[in-house]
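Observations on the model geometry
What follows is each chain in one-letter form.
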Amino acid sequence: MDITKNNFLEQLPSIRETIRNASFFAMDCEFTGLASDRTTLPFDTPEEVYLKMLENGSQYIIVQFGLCAFRVEPPAEDEKGGSPHISYKCYNFYCYPKGRTNVFSCQGESMRFLADNGFDFNRLFREGLSYVNEPDEQRYRADLLDRQATRAANILVQAEEESTNDAAETSSDTNLIPVPAENQQLVDDVAANIAKFLSSDEKELVIGNCNAFQRKLVYQMIEQLYQSKVSTTPVVLENNYKGIKVERKRTLEQEQALDAERRAKENEDLETKVGLSLVLQELSKARKLIVGHNMLLDLLYVLRQFFKPLPADYQEFKKFTREYFPYLLDTKYLCTNAEIKVHVNSSVLAHVYDAVSKEPFSIPTVHPELPDHQYSVEDEKQHEAGYDAYLTGLCFLGLVSRFKANLTQLSKDTTLKHYVNRIFILRLNDINYINLSGKEPSQNRDHIFFVTFPETWRSSDIVSKFKPFGPVHISWLDNTSAFVSLHNRNAASSVLKTIGYHVGLKVYSFAQFTQMKLQRAGAERGRIGTGSASTGGPAGGRCDESVRPADGKEEGQKEEQKVVRTTSNERKRKRKAGKESATSPPSPTASADTDGNADDADDGGGWTTVKKPRKTFTDNNDW
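Right, let's walk through the structure included here. If you're wondering where the values come from, they're calculated on a predicted model, not measured in any experiment. All residue numbers refer to position in the chain's written sequence, counted from 1. Where totals are concerned, whole chains, interfaces and linings use all residues; where local detail is concerned, this predicted model gives features only for residues with pLDDT of at least 70, and gives and counts side-chain atom pairs only at 80 or more. Side-chain calculation: all heavy atoms of the structure are included, whereas hydrogens and water are not.

**A closer look at the state of the cysteines**
Formally: By definition, disulfides here are pairs of cysteine sulfur atoms that lie within 2.5 Å. Each residue is placed in one exposure class: buried if its accessible area under a 1.4 Å probe, protein chains only, is under 20% of its type's maximum, exposed if it is over 50%, and partly exposed if it falls in between.
Counted according to the given criterion, the structure contains zero disulfides. No disulfide involves Cys-29; its sulfur sits 8.0 Å from that of Cys-95, the nearest cysteine. Residue classification places Cys-29 among the buried residues on the basis of a relative accessible area of 4%.

Shown next, in the form of structure tokens:
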């Protein structure tokens, strides 16, 4: 069922009841843009991936939220050994931020993708649900309560003044706004119309065609001349113009009854303003299993958009997530299970469904609770959030059938416990998930090397250089750099000592690569904070950015910093000889340089810094 602002308040009680009665949920989102993963390196840590996504996707929003609530009931008493009864209700929410202050970004490719898959942008912009995060909601509710309390107090004060004949005192000229000459005729005309209204049988008079200042002058005039004869109410006219409704004087009881109606309407308007956030709040309160597929972006956007800004600290993010959604399962990570992986060749959602529709998997029969809430795999609506949520739920049911999981007690399943709260991360080679409930395992990466080489090189060129160390796996970063992983980890210690010198080839240990990343990050922080480069590592060197023109070609050159470890004896020997090693081959522990220059010796704690111009990476983010 599509949920828009036209049917939201009508369906909200039913949605809340559905969430309370559900056994588990599947969700999916459609976005205006994706936090770019092109800056993610194969051996980044989950923390580094989170921080990169936090920076790259902060302005994109969810424009469609799909929620499918599954209800599992045990078989009837007369069906001993039968299968549980599974029903579902699907919702497809359009959401769009209202107001002049709300700004968001769109990614051209993402918008084209949505359009190609039939996304209804007209419906989004015209009928999309509003939403707010928690701080804004609290502020809106507090402001409304203050306004309502002030209005109720004013009604009582006014009634008391009229009962004691003090109304005349309130119409003194002490605090009156002077009426500008250009507005005097309008005020006089309104006064004449009110006098005419009072002498007629009409029930009300609506005053329009006034701006905010003119309405204030009209209210002032009514208070002066007609306070004891008429009552006023603000109204909204056609095209959202505001006006004043004038009626004959109401009693205190009538004023309070009218204020109660107005209060109910304001509370309803506030519910509409909070909109989809009310559904997510109810989902959070349920504390039940929520299933997603490749759900990292869905999770980040939901938390930021409907709850609070994401924390910059990684551990705080984990705690923050568990507070709202303590029980998450990513089916893409579930597909990494050894028993499942042999049968699921591709973890794309549609491909997973195709795989679990066959042996050795089994998708149980599911029934829609109402016709308006159903989808069918025969009528594909891929990349509609509601349909993808439904398909994710079916894939989950099919996958857990491999473990013979008890669907009526999913939280107690021992196999699923190993996959709960582990959110899959694309493009990582070893630790490919975020563990929301604990620490990710540490990995020894001594067998991994960062390598740069000429643009003309192919995989065979790299393999030939590492041939003495056995088989390798190459993870390309761009056309001049890659990670090389040794299958024989025992050979790692001899790589930098024996790989020798090759023109155009530079080899760094993973520890050296990590050090250079830290230096670059320090330099960037320095530029942001002070407008100048800063040191960013133990070498005390400077990481300078080259200048790129708009077309992406290099203008100038980038200074590359190479950090190598030399022994104290080597430094003494070089100083004693009174010469540099610029023309000699590099030392066994140094990485080979492009033109044959070895690293200059330095007394700075045993680390050497050499700056050399070279062509920059094609990736704007350097690594």
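**Things to note about the packing of aromatic side chains**
This is how it is decided: What counts as a ring pair is set by centres within 6.5 Å for rings of Phe, Tyr and Trp (its six-membered ring), and what kind of pair is set by the plane angle: stacked under 30 degrees, edge-to-face over 60, tilted for all other angles. By the criterion adopted, a ring carries a charge over it if an Arg CZ or a Lys NZ lies within 6 Å of its centre and within 35 degrees of its normal.
Inspection of the entire model under this criterion finds 35 aromatic pairs. When the ring of Phe-119 is compared with that of Phe-121, the centres are 4.8 Å apart and the planes differ by 55 degrees; the resulting orientation is tilted. The pair Phe-119 / Phe-121 is uniform in exposure class, with both members buried. Taken together, the ring pairs in this structure connect Phe-24, Phe-70, Tyr-88, Tyr-375, Tyr-387, Tyr-390 and Phe-396 into an aromatic cluster. Above the ring of Tyr-140, the side-chain terminus of Lys-273 is found at 3.9 Å from the ring centroid. In this structure, Arg-304 packs its charged tip against the face of Tyr-301, placed 4.8 Å from the ring centre.

**Section: the sheet that holds strand E6 (residues 230-236)**
Strand pairing in a sheet is mediated by backbone hydrogen bonds. Such pairs are either parallel or antiparallel. Applicable threshold: A pair of strands is labelled paired if DSSP reports no fewer than 2 bridges between them. Numbering of helices and strands runs from the N terminus; a helix is a DSSP stretch of H or I covering at least four residues, while a strand is a stretch of E covering at least two. Axes here mean lines fitted to C-alpha atoms, for a helix over just the part in contact, with angles spanning 0 to 180 degrees between N-to-C directions.
Taken together, the three strands give an open sheet; going across it, the order is E5-E7-E6, and neighbouring strands pair in antiparallel fashion. Each edge of the open sheet is held by one strand with a lone partner, namely strand E5 (204-207) and E6. Here the strands of the sheet are splayed against their neighbours by 25 degrees on average, with no regard to which way each runs. Bridging between E5 and strand E7 (residues 242-248) involves four bridges; their strand directions are antiparallel.

**Details of the pattern of salt bridges**
Formally: Throughout this description, the term salt bridge denotes a Lys or Arg side-chain nitrogen within 4 Å of a carboxyl oxygen of Asp or Glu.
Tallying each qualifying case throughout the model produces 23 salt bridges. The partner of Asp-2 in a salt bridge is Arg-123, with the nearest N and O atoms 2.8 Å apart. Linking Asp-2 in strand E1 (residues 2-3) with Arg-123 in helix H4 (residues 121-127), this pair joins segments that are 121 residues apart in sequence. Overall, Arg-123 belongs to the partly exposed group, its relative accessible area being 27%. Two residues, Lys-52 and Asp-44, come together in a salt bridge whose shortest N-O distance is 2.7 Å. It is possible to trace a salt-bridge network through shared partners that takes in Arg-151, Asp-259, Arg-262, Arg-263 and Glu-266.

**A short note on the pairing of E7**
Of the strand pairs in this sheet, E6 and E7 are connected by seven bridges, and their pairing is antiparallel. Each residue of the ladder has a partner; that of Thr-232, found in E7, is Val-246. Counting the residues between successive antiparallel strands, the hairpin from E6 to E7 contains five residues, one of them, Asn-239, with a positive phi of roughly 60 degrees.

**Re helix H8 (residues 212-225)**
Cut-off, in case you're wondering: Helix span is expected to be 1.5 Å times the residue number reduced by one. Here, residues are in contact when the closest pair of their heavy atoms is within 4.5 Å. Here a polar contact is recorded for every N or O atom pair within 3.5 Å, except that within protein the pair must consist of a potential hydrogen donor and a potential acceptor, and residues adjacent in sequence are included only if both atoms are side-chain atoms.
Over its 14 residues, H8 extends 20 Å from the first C-alpha to the last, a length consistent with the 20 Å expected when each residue adds 1.5 Å. Against the buried residues of H8 lie helix H7 (181-198), E5, E6 and E7. Measuring from the backbone nitrogen of Phe-213 back to the side-chain oxygen at the start of H8 gives 3.1 Å, which picks out Asn-211 as the cap.

**Looking at H7**
Rule in force here: Directions from the helix axis toward the C-beta atoms define the arc.
With 18 residues, H7 extends 27 Å between its outermost C-alpha atoms, agreeing within 8% with the 26 Å of an ideal straight helix rising 1.5 Å per residue. Listed in full, the buried residues belonging to H7 are Asn-183, Val-187, Val-190, Ala-191, Ile-194 and Phe-197. Summarising the axial view, the buried residues of H7 lie within an arc of 120 degrees, below the 170-degree limit, and thus occupy one face. Away from the buried face of H7 by more than 90 degrees, exposed residues Ala-181, Gln-185 and Lys-196 are located. Where the residues of H7 are buried, they touch E5, H8, E6 and E7.

**Brief notes about the sheet that holds strand E14 (residues 472-478)**
Strand order in this open sheet of four strands is E14-E15-E13-E16, and the pairing throughout is antiparallel. Every interior strand has two partners, whereas the edge strands, E14 and strand E16 (506-509), have only one. Strand-to-strand, the axes of this sheet are offset by a mean angle of 25 degrees, without reference to chain direction. Examined bridge by bridge, strand E13 (residues 448-452) and E16 share four bridges and lie antiparallel to one another. Residue pairing for E16: Phe-449 is matched across the bridge by Ser-509.

**Details of the layout of surface pockets**
The rolling of a water-molecule-sized probe over the atoms marks out the regions of remaining empty space. Note the threshold: Cavities and pockets are found on a 1 Å grid laid over the protein atoms alone: a cavity is a set of points where a 1.4 Å probe fits but cannot escape, a pocket is an open set with protein on both sides within 12 Å along at least five of seven lines, and a lining residue has an atom within 4 Å of such a point. Grid points are joined across faces, edges and corners, and a volume is the space filled by probe spheres set on the points. As a working rule, the residues Ala, Val, Leu, Ile, Met, Phe, Trp, Tyr, Cys and Pro are called nonpolar, Asp, Glu, Lys and Arg charged, and the rest polar, with Gly in that last group.
Empty space within the second largest pocket amounts to approximately 980 Å³. Around the second largest pocket sit 34 residues that line it, and Phe-31, Leu-34, Asn-294, Leu-297 and His-383 are the ones nearest its centre. Among the elements of the structure, strand E2 (24-31), helix H2 (46-56), helix H3 (108-116), helix H11 (296-306), helix H15 (349-356) and helix H16 (385-400) are those that each provide at least two residues to the lining of the second largest pocket. For the lining of the second largest pocket, a count of residues per class yields 17 nonpolar, ten polar and seven charged.

**Quick notes on a negative patch on the surface**
Put simply, the rule reads: Residues form patches when they are more than 30% accessible in relative terms and have no salt bridge. Like charges link within 9 Å. Nonpolar side chains (Val, Leu, Ile, Met, Phe, Trp, Tyr) link within 5 Å. Here the Shrake-Rupley method, with its probe set to 1.4 Å, supplies the accessible areas, and only the displayed protein chains count as covering residues. The sign given to each residue is positive for Lys and Arg and negative for Asp and Glu; His and the chain ends receive no count. Charge coordinates come from a single atom per side chain, which is NZ of Lys, CZ of Arg, CG of Asp or CD of Glu.
Judged by side-chain charge, Glu-47, Asp-313, Glu-316 and Glu-323 come together as a negatively charged surface patch. For Glu-316, the position within the fold is in helix H12 (residues 314-324).

**So, the environment of Val-235**
Secondary-structure assignment places Val-235 in strand E6. As a C-alpha pair, Val-235 and Gly-208 span 27 residues in sequence and 9.4 Å in three-dimensional space. For Val-235, the contacting residues outside a window of four places in its chain are Val-206, Tyr-241, Lys-242, Gly-243, Ile-244 and Lys-245.

**Examining the side chain of Gln-281**
Looking at the element boundaries, Gln-281 is found in helix H10 (residues 276-286). The buried category is assigned to Gln-281, whose relative accessible area is 16%. Engagement of the side chain of Gln-281 in a polar contact is seen with the side chain of Glu-137, the distance being 2.6 Å.

Read these as spatial facts, not as claims about activity.
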